[in-house]
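# Chains, contacts and geometry: an overview
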Amino acid sequence: MGSTVFPGKLADRFHQLYLDHGVTLVPGRLAKGALVGADQRPGVLLDDGSEYFAGVVVAGLSAKPVLDLASEAGLEVNRGVVVDAHLKTSDPDIWAAGDIAEYPDVILGRTRIEHVDHAQNSGATAGRSMAGSDETYDHTPYFWSDAFELGWEAIGRLDARLDTEVVELGEGRDVVYYLDEQSRPVGVLLLGVWDSVDKARKVLADAPTDREKLRSRIV
Ligand SMILES: Cc1cc2nc3c(=O)[nH]c(=O)nc-3n(C[C@H](O)[C@H](O)[C@H](O)COP(=O)(O)OP(=O)(O)OC[C@H]3O[C@@H](n4cnc5c(N)ncnc54)[C@H](O)[C@@H]3O)c2cc1C
């Protein structure tokens, strides 16, 4: 579990965390269908023919923005509704913020982000912009999440296919830098490391390529 986001050792730790909490993991299988057991309990059929029943079935299927309404209204759409730095769409009377907006991030470049921090901050900027402010949206959002006792905050691109630099701070606290082809950090994961999002944001803005110096940026 977590192997698309976390580098190898941390993905193993993440996986083990679930096992340690008594969760049965069935990796590498696809869900083929929903089932209802003889006792009316919901269940799931996997592609190897195995069946699992539980009190509740929750499907985690990822999400895709629905852009039909926006494109039918004549707005420019791409991965989301395209907005400028003021979060204004191609129609001067319409703004977009949050998950649906594809916006020019000051550090990450043109992107679409599905995080609470982004929804709140871009929503506030869009509101002020609609009310006449000429401010731009300069907040590069971070992401937080928790799994059992493990918590993390992160910013930028977290993709385990990228080269990574892992700094172990001890007591299960780790900083992971995700590097692009030029060895520039494009994402920072703060695992059990708190109050460091601003430092991580600065690392991405500075984009240092010296790995030794990078390792000491967040301690
Ligand atoms: C299961 C799950 C877990 C998540 N966990 C995290 C997390 O741990 N950390 C984190 O940072 N983020 C997390 N997120 C992402 C976060 O919830 C979203 O980024 C955030 O809620 C986006 O806010 P939003 O206002 O842009 O969109 P939404 O919250 O989706 O609000 C859009 C609203 O528009 C309404 N709407 C849609 N179409 C129409 C229409 N045609 N007319 C009128 N209303 C319409 C919808 O009903 C909805 O109420 C999670 C999301 C999910 C689904």
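Residues numbered from 1 in each chain as written. Predicted model: local features only at pLDDT ≥ 70, side-chain atom pairs only at ≥ 80, totals over all residues. Heavy atoms only, no water.

The UniProt entry for the protein carries the following text under Cofactor (unreviewed entry): "FAD". Per its UniProt entry, the protein bears the Subcellular location (unreviewed entry) comment "Mitochondrion". (UniProt positions renumbered as here; feature names shortened; annotations may be inferred.)

## Let's talk about the sheet that holds strand β5 (residues 101–105)
Pairing is mixed across the open sheet formed by three strands, whose spatial order is β4-β5-β6. Each edge of the sheet is formed by a strand with only one pairing partner; in this case those strands are β4 (81–82) and β6 (109–112). With four bridges connecting them, β5 and β6 associate as antiparallel partners. What sits directly across from Y103, in β6, is T111. (Pairing = 2+ DSSP bridges. Helix = DSSP H or I, 4+ residues; strand = E, 2+ residues; numbered from the N terminus.)

## Quick word on the side chain of D117
One can find D117 in helix α3 (residues 116–130). Lacking a salt bridge, the buried D117 has R201 as its closest oppositely charged neighbour, with an N-O distance of 4.2 Å. Polar contacts involving the side chain of D117 include one to the side chain of H139, which spans 2.8 Å. A distance of 2.9 Å separates a polar atom in the side chain of D117 from the backbone nitrogen of Y142. Every residue in contact with D117, bar those within four places of it in the chain, is listed here: H139, P141, Y142 and R201. (Buried < 20%, exposed > 50% of the residue type's maximum accessible area, 1.4 Å probe, protein only. Lys, Arg positive; Asp, Glu negative; His and termini not counted. Salt bridge = Lys/Arg side-chain N within 4 Å of Asp/Glu carboxyl O. Polar contact = N/O pair within 3.5 Å; in protein donor to acceptor, adjacent residues only side chain to side chain. Contact = heavy atoms within 4.5 Å.)

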